Amino acid sequence: MRAQGLSPSLDSGGGPADLAPAGVLAPAGRGARTLAGLCPACLAVVDGWAMAVGVSMSRSGVIAALAALGVVLANASGGLYRTRRNPSLLADAPPLLLRMLVVAAIVAVLLPHPAAALVWAVAVSASMSLGFRVFMNAAVRTYRCRRTRPRNALVVGTGGMAAHMVDILRNRGEFGLSAVGQVAAGRPAPAPVLGETADLPALVEEHSVDTLVVVAEDVHPEQLGAVLRMSFGLPCETLLVQPPSDVVPVPPARREYLAGLPCARVDWGLRDPAARRAKRALDLVVASLLLVAFAPLLAACALAVRIEGGPGVLFRQRRIGLGGEEFVLLKFRTLKPADERESDTRWTVKDDARMGRVGRFLRNTSLDELPQLWNVVRGDMSLVGPRPERPHFVEQFARTCPGYMLRHRVPVGMTGWAQIHGFRGDTSIELRARLDNHYIDHWTFGGDLRILLLTARAMLCKDAG
């Protein structure tokens, strides 16, 4: 069940109503999926084919195939196949030519051949790839202008720039968006608006919004980060217009322009289904292997707890996980609480007098948390993520700590970015929430591996910095 009494306001970072259901993160968009998926696939096929044709004029078929694969992977890593509101040949040509030249040069170095062959391969490949891009960009613009129902867009912000953006979307059909209205974001609203930022989830659903356009200039600075993070759980894409350099997560290389205004698609790593599956696969594999490897240690800990404190080796406690959902967290018992209310509402005390030598050892070494590996296997938790808290404290922190509830956009974890930097137990909740949200904003698979290694180092070397 969900934790009760959580504030759904933006000031508290959004309550459970603003979050995705447990175990499911919202999809990135609903409209025009066919076009969005077909265009990048076609571009990749043509780029690879063009490179293969150019190289095959002087190389074997195997070398041509490898060159084709190389250029496709290089283009994909550079974002040349991402869907954009305003595709531009002038923006794509320099990085495309550079990657083709690099791949052709590698082929020439590995298998020496006259320089003329290298130039010819690049010329043929570039001509075919750029020519197809001209055709594809024109086809996309024509489709967007002529389709009877453009994608619905909701503009966040009230001011001159936001009003200008509404006019652009309504009058420039080639962008494929139609503004259904504006949302106030902490600034005066000179024009009628559909609601406030706290109403975003309901407005997106009511108006079937496919694209959220956040005009940074017309959003109050204190609300901008919260609005962007709230978009994580909305079933639509998010475009940030005139992105400030300190707002996450918008790399400069991913920017484009709408009628001269710089904008960028806000991409959250864990919105990608493939990324979520990869994270879950890592959890299952590592947690299962650790349960098997640590079976003797788990048995020894259980026996020590049983000898010191009697029956009841495992301690079960309600915690809040993904989307504000409750689950039962498992730990080795380090002390016996007076009653269930104390367990649910009393903050952990480091040197509690009721804690015996075994309990103190387990807690100091974090061995009491090993049973949570079973929570990971079950899917209640992840290996890496924000640490889960009890419902009583979640209600308190949601009211007093801005952005706290936004930690529940992703599965909670056994360890996390905040924990490896010392934010455990009786430490600043606000700073802990900031580090947790930073982890979510900038999530990468490699980042999870790094956190796991740092956690292992911290457990083995207590003095490691």
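These lines cover the structure that appears in this document, whether it is placed above or below. Only a predicted model underlies this, so the values are computations on that prediction, with no experimental measurement involved.

It is worth spelling out unusual backbone geometry at this point. Positive phi values are uncommon outside glycine, yet Ser208 reaches one of about 50 degrees. Mapped onto the fold, Ser208 is located in the loop between α6 (200-206) and β4 (211-215). For Ser366, which is not a glycine, the phi torsion comes out positive at approximately 65 degrees. Within the secondary structure, Ser366 sits in the loop between α11 (357-365) and α12 (372-378). When its relative accessible area of 9% is taken as the criterion, Ser366 is described as buried.

Turning to the pattern of salt bridges, a few remarks are in order. A full pass over the atoms with the stated rule returns 14 salt bridges. Ionic pairing is found between Glu237 and Arg151, a salt bridge with its closest N-O pair at 3.8 Å. Of the two residues, Glu237 is situated in strand β5 (residues 237-241) and Arg151 in strand β1 (residues 151-156); the sequence distance between them amounts to 86 residues. For the pair shown, Glu237 and Arg151 are each scored as buried.

Across 7 bridges, the pairing between strand β8 (residues 314-320) and strand β9 (residues 326-332) is antiparallel. Paired with Arg319 across the bridge in β9 is Phe327.

So, about the packing of helix α9 (residues 295-309) against α11. In contact at an axis separation of 9 Å, α9 and α11 are set at 145 degrees when each is read in the N-to-C sense. Facing α9, whose interface residues are Cys301, Ala304, Val305 and Glu308, α11 presents Arg357, Val358, Gly359 and Leu362. Here the contact of α9 with α11 is composed, by residue class, of 5 nonpolar, 1 polar and 2 charged.

Let us look at the nonpolar core. Among the nonpolar cores identified, the biggest contains 51 residues, and Val156, Leu200, Leu212 and Val214 are the most heavily contacted of them. In contact with Val214, other than residues within four places in its own chain, are Val156, Val219, Leu224, Val227, Leu228, Thr238, Leu239, Leu240 and Val241.

By the secondary structure assignment, Glu256 is in strand β6 (residues 255-258). Here the alpha-carbon distance between Glu256 and Pro87, two residues 169 residues apart in the chain, equals 8.2 Å.

On to the packing of helix α8 (residues 273-293) against helix α15 (residues 445-460). Axis separation between α8 and α15 bottoms out at 10 Å; the angle between their running directions is 25 degrees. Accordingly, the angle class assigned to the pair α8 and α15 is roughly parallel. Every pair of crossing elements has a handedness; the one defined by α8 and α15 is right-handed. Packed against α8, whose contacting residues are Ala278, Lys279 and Leu282, the element α15 presents Phe445, Asp448, Leu449 and Leu452 at the interface. Residues that form the contact of α8 with α15 fall into these classes: 5 nonpolar, no polar and 2 charged.

Before going further, it helps to spend a moment on the sheet that holds strand β7 (residues 261-265). The strand order β3-β2-β1-β4-β5-β7-β6 describes an open sheet built from 7 strands, whose pairing is mixed. Looking at which strands have only one partner, the edges of the open sheet turn out to be β3 (195-196) and β6. Here β1 runs beside strand β2 (residues 177-184); their pairing, made up of 6 bridges, is parallel. Bridging from a neighbouring strand, Val155 pairs with Gln182 of β2. Sitting on the sheet, helix α5 (residues 160-171) is in contact with β1, β2, β4, β5, β6 and β7, with an inclination near 160 degrees to β2.

For the rest of this paragraph, the subject is a nonpolar patch on the surface. On the surface, Leu98, Val102, Ile106 and Leu110 cluster together to form a nonpolar patch covering roughly 390 Å² of accessible area. Along the chain, Leu98 turns up in helix α3 (residues 89-110).

Attention now moves to the packing of aromatic side chains. For the structure on display, the rule yields 4 aromatic pairs. Note on Phe232 and Trp268: the rings are 5.9 Å apart at their centroids and 65 degrees apart in plane angle, and the pair reads as edge-to-face. Placement of the pair is Phe232 in the loop between α7 (221-230) and β5 and Trp268 in the loop between β7 and α8, with a sequence separation of 36 residues. Each member of the pair, Phe232 as well as Trp268, is classed as buried. Ring centres of Phe393 and Phe397 lie 6.0 Å apart, and the angle between their planes is 25 degrees; on these two criteria the pair is classed as stacked. With Phe393 and Phe397 both in helix α13 (residues 391-400) and 4 residues apart, the pair spans about one turn of that helix. Aromatic rings pair up to connect Phe393, Phe397 and Tyr404 into one cluster. A cation sits over an aromatic face here: Arg409 above Phe232, 5.2 Å from the ring centre. One residue, Arg409, lies across the ring of Trp268, its end atom 5.5 Å from the ring centre.

Its place among the elements puts Pro391 in helix α13. In sequence terms Pro391 and Arg318 are 73 residues apart; their C-alpha atoms lie 7.2 Å from each other.

The subject of this paragraph is α3. The end-to-end C-alpha distance of α3 is 31 Å, a good match for the 32 Å that 22 residues give at a rise of 1.5 Å each. Along α3, the residues that are buried comprise Asp92, Ala93, Leu96, Met100, Val103, Ala104, Val107 and Ala108. Buried residues of α3, seen end-on, are gathered within an arc of 135 degrees and therefore sit on one face of the element. Turned more than 90 degrees away from the buried face of α3 sit Pro94, Leu98 and Val109, all of them exposed.

Here we come to α7. Here α7 has its buried residues at Gln223, Leu224, Ala226, Val227, Leu228 and Met230. Looking at the packing, one finds that the buried side of α7 touches β1, α6, β4 and β5.

This part takes up the side chain of Asp441. Among the structural elements, Asp441 can be located in helix α14 (residues 429-441). What makes Asp441 buried here is its relative accessible area of 3%. Here Arg229 takes part through its side chain, which lies 2.6 Å from a polar atom of the side chain of Asp441. Within the local environment of Asp441, its side chain forms a polar contact with the side chain of Arg409, the two groups lying 3.3 Å apart.

Calculation notes
- Residues numbered from 1 in each chain as written.
- Predicted model: local features only at pLDDT ≥ 70, side-chain atom pairs only at ≥ 80, totals over all residues.
- Heavy atoms only, no water.
- Helix = DSSP H or I, 4+ residues; strand = E, 2+ residues; numbered from the N terminus.
- Buried < 20%, exposed > 50% of the residue type's maximum accessible area, 1.4 Å probe, protein only.
- Salt bridge = Lys/Arg side-chain N within 4 Å of Asp/Glu carboxyl O.
- Pairing = 2+ DSSP bridges.
- Axes fitted to C-alpha atoms, helices over the stretch in contact; angles between N-to-C directions.
- Contact = heavy atoms within 4.5 Å.
- Nonpolar A, V, L, I, M, F, W, Y, C, P; charged D, E, K, R; others polar.
- Core = buried A, V, L, I, M, F, W, Y, C linked by side-chain atoms within 4.5 Å.
- Parallel < 35°, antiparallel > 145°, perpendicular 65-115°, else oblique.
- Left-handed = near helix turned anticlockwise from the far one by under 90°.
- Patch = residues over 30% accessible without salt bridge, like charges linked within 9 Å, V, L, I, M, F, W, Y side chains within 5 Å.
- Areas by Shrake-Rupley, 256 points an atom, 1.4 Å probe, with all protein chains shown as cover.
- Phe/Tyr/Trp six-rings, centres within 6.5 Å; stacked < 30°, edge-to-face > 60°.
- Lys NZ or Arg CZ within 6 Å of the ring centre and 35° of its normal.
- Expected span 1.5 Å × (residues − 1).
- Arc of directions from axis to C-beta.
- Polar contact = N/O pair within 3.5 Å; in protein donor to acceptor, adjacent residues only side chain to side chain.

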